[in-house]
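# Architecture and fold: a report
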There are 2 protein chains.
Amino acid sequence: MGAGEPARCAAIVGTGLIGQGWAIVFARMGWDVRLYDVNAAMLAEARGLIQQQLNELERHGLLTGADAIAGRVHVASSLPDALKGASYIQENSPENLEIKRALFSALDAAAEPLAVIGSSTSSIPASLFTEHLSGRHRCLVAHPVNPPYLIPVVELCPAPWTSQEALDGAHAVMAAIGQKPVLVKREIEGFVLNRLQGALLHEAFRLVSEGVASAEDIDVTVKDGLGLRWSFMGPFETIDLNAPGGIADYCARYGGLYRSIGATQGECVAWEGALVDALSDERRTLLPTEDLAKRRFWRDEKLMRLMRHKQNNGDDNG
Amino acid sequence: MGAGEPARCAAIVGTGLIGQGWAIVFARMGWDVRLYDVNAAMLAEARGLIQQQLNELERHGLLTGADAIAGRVHVASSLPDALKGASYIQENSPENLEIKRALFSALDAAAEPLAVIGSSTSSIPASLFTEHLSGRHRCLVAHPVNPPYLIPVVELCPAPWTSQEALDGAHAVMAAIGQKPVLVKREIEGFVLNRLQGALLHEAFRLVSEGVASAEDIDVTVKDGLGLRWSFMGPFETIDLNAPGGIADYCARYGGLYRSIGATQGECVAWEGALVDALSDERRTLLPTEDLAKRRFWRDEKLMRLMRHKQNNGDDNG
């Protein structure tokens, strides 16, 4: 936001964990945020929870002025009140098609004429809940990772009728608030992130089910191996740098090996029954159920420190 | 190494990049290291290159006393000279079965009776080059990631005749020098790390070939999304923390989604032809060929800073 420009305004509809995270992402970049949720109790506690998370981020050196940021987050008295003046709307209702269809009808009816409407859905393509809308051209999926204020990637996935203008607008909004928008060019189950995660998980489940390695050792292989490079380079850049002549050279050298490996990776094992029992036993031995909550706190601390490290090291440009 | 204990001695046979990396890993933990290579020119320059890398690590605060560490690295005059007194031997010859067969014959003949012999091979199972040896029980694969002094995972993969004692011994050596040994319980193509990498890469290639996303956006999805968590948790711990009741709960909630995704991930696209041309064009636009070397330097700087960050944050225990 340049000096003298008016603050831009985003509406966050649905104020559970994901909605709270979005509010932080917008407010810390100077946007005014208006919160709404049909669940009055959830709406009532949202600002307090946002303030708590902002305080945590400030304590970790990830932002300054938590109170001023929280001051830009307002609770709206109604859906139309939330949408008034908002140039961008982020929807975060439960993963239920009927709920989303009804909510998008209400959003499209009350939104400002030029507002773009993104859905946080991780699994429902926008075409299934926007086809009936007169403003369907301005609707799309903007799928975040939780928490979005620590994990910046946002998957933008248009419906077939989403306009290029709306897609560009959502991309510009995400870039403006410091997120990392990626384009999923057509609707596909799992979008990109969960398809990549699923591919690796399927192989991990297979290796456990075939007795090749323990879950613990697979975790070590990633966190003390593959995941180190992947935290600042993607998989393509990684292989591009791993052969003298770049990615084409890598494919010529190792494509045969990976094709041979791939021929034994086609069939997915089911994530159920004795395999899941054994995995659960192993995990619960490493981390008892009563420690799960504490370990989630540990994870979030780790993420905050990692993000601060990345900030301090200018991750994009070296 | 406890006070008063004699320094332990490792032999590094094959002193290219990987062998140099192993020398650093052993020497920085107080081991005496003896280098040997049939290529006299490579052997002659190894110590100097090791000293350079140690200086870099000291400059980044990843170790102190680079000169003292380099002082523990000795160039042997012959293979028997290198193996004399070594309780652990790491072989790093080219990925060629005949070379490894011949070299392991020489290693087994000259090694101390109780020495364990590990191979750095990334693709050849130990059974193919150790079957004929009288000491085949003490041979196994100990596959590192380059550079091993920054990426600690080591895949230990026994041949069918590798003794439990030798496997335990190699595991203890790797743990003692601060690496992260994982057990690949039986010989399998690609071991664990490259199978996991391959699974994710196959999906990445597929998404590009089907026009779902650009290589650049797939890289962003990993480095600003999945890879952040995977740099300090593995894939199983990640999903264990992503459902209220842990991994069993996660499988019950999302197993169906991932199975459905998996059903469309079976067939691998070939890493060749127009697909690789397009990927190479995209990468070379982002990073011209003449900048590849510079970017590898950037990658190694990033890794060094990330490892220092992990050291400072007590990565294993929070």
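A quick note: this is a predicted structure, and the numbers were derived from the prediction, not measured.

This part takes up the overall build of chain A. What chain A contains, in helices and strands, is 13 helices and eight strands. Rg of the C-alpha trace for chain A: 22 Å, near the compact-globule value of 20 Å for 318 residues, within the 12% margin. Taken along its principal axes, the extent of the C-alpha atoms in chain A is 55 × 45 × 45 Å. Within chain A, buried positions represent 58% of all 318 residues. Restricting to contacts in chain A with at least 6 residues of sequence separation, those with at least 24 account for 66%.

Turning our attention to the interface of chain A and chain B. Counting residues at the interface gives 110 residues for chain A, matched by 110 residues for chain B. Carbon and sulfur atoms make up 65% of the area that chain A and chain B hide from each other, which totals about 10500 Å². Across the pair E203(B) and R195(A) runs a salt bridge, and its minimum N-O distance is 2.8 Å. Remark: the boundary between chain A and chain B carries 44 residue pairs in polar contact (both at pLDDT 80 or more). Residue composition of the side of chain A that touches chain B, by class: 55 nonpolar, 29 polar and 26 charged.

With that settled, consider the UniProt feature "domain: 3-hydroxyacyl-CoA dehydrogenase NAD binding" (unreviewed entry) in chain A. The residues that UniProt annotates with the feature "domain: 3-hydroxyacyl-CoA dehydrogenase NAD binding" (unreviewed entry) are residues 10-185 of chain A. Secondary structure content for residues 10-185 of chain A is 41% helix and 20% strand, while the C-alpha to C-alpha distance between its ends is 25 Å.

Running from amino to carboxyl end, helix α9 (residues 215-230) of chain A crosses helix α9 (residues 215-230) of chain B at an angle of 160 degrees, the nearest separation of the two axes being 8 Å. One finds that α9(A) runs roughly antiparallel with respect to α9(B). Like other packed secondary-structure pairs, α9(A) and α9(B) cross with a definite hand, here left-handed. Of the residues in α9(B), those in contact with V222(A), K223(A), G227(A) and W230(A) of α9(A) are V222(B), K223(B), G227(B) and W230(B).

Residues and elements named next belong to chain A. Burial runs high along strand β1 (residues 9-13): five of the five residues are buried. Along β1, one buried face is formed by C9, A11 and V13 and the opposite face, lined by A10 and I12, is buried too. Read as a crossover between parallel neighbours, the route from β1 over helix α1 (residues 17-27) to strand β2 (residues 32-36) is right-handed. Alignment of β1 against strand β4 (residues 88-91), held across four bridges, turns out to be parallel. Looking across to β4, one finds that A10 is bridged to Y88.

Attention now moves to the packing of aromatic side chains. Residues and elements named next belong to chain A. By the definition in use, this model includes 21 aromatic pairs over all chains. Between F205 and W271, the ring centres sit 4.1 Å apart and the planes meet at 5 degrees, which makes this aromatic pair stacked. With F205 in helix α8 (residues 193-209) and W271 in the loop between α11 (247-262) and α12 (273-286), this pair connects stretches of sequence that are 66 residues apart. Taken as a pair, F205 and W271 share a single burial class, namely buried. One residue, R295, lies across the ring of W298, its end atom 3.4 Å from the ring centre.

What counts, and at which threshold
- Residues numbered from 1 in each chain as written.
- Chains lettered and ligands numbered in written order.
- Predicted model: local features only at pLDDT ≥ 70, side-chain atom pairs only at ≥ 80, totals over all residues.
- Heavy atoms only, no water.
- Helix = DSSP H or I, 4+ residues; strand = E, 2+ residues; numbered from the N terminus.
- Rg over C-alpha atoms; globule rule 2.2 N^0.38 Å.
- Buried < 20%, exposed > 50% of the residue type's maximum accessible area, 1.4 Å probe, protein only.
- Contact = heavy atoms within 4.5 Å.
- Buried area = accessible area lost by both parts, 1.4 Å probe.
- Salt bridge = Lys/Arg side-chain N within 4 Å of Asp/Glu carboxyl O.
- Polar contact = N/O pair within 3.5 Å; in protein donor to acceptor, adjacent residues only side chain to side chain.
- Nonpolar A, V, L, I, M, F, W, Y, C, P; charged D, E, K, R; others polar.
- UniProt positions renumbered as here; feature names shortened; annotations may be inferred.
- Axes fitted to C-alpha atoms, helices over the stretch in contact; angles between N-to-C directions.
- Parallel < 35°, antiparallel > 145°, perpendicular 65-115°, else oblique.
- Left-handed = near helix turned anticlockwise from the far one by under 90°.
- Right-handed = clockwise from strand over helix to strand, strands pointing away.
- Pairing = 2+ DSSP bridges.
- Phe/Tyr/Trp six-rings, centres within 6.5 Å; stacked < 30°, edge-to-face > 60°.
- Lys NZ or Arg CZ within 6 Å of the ring centre and 35° of its normal.

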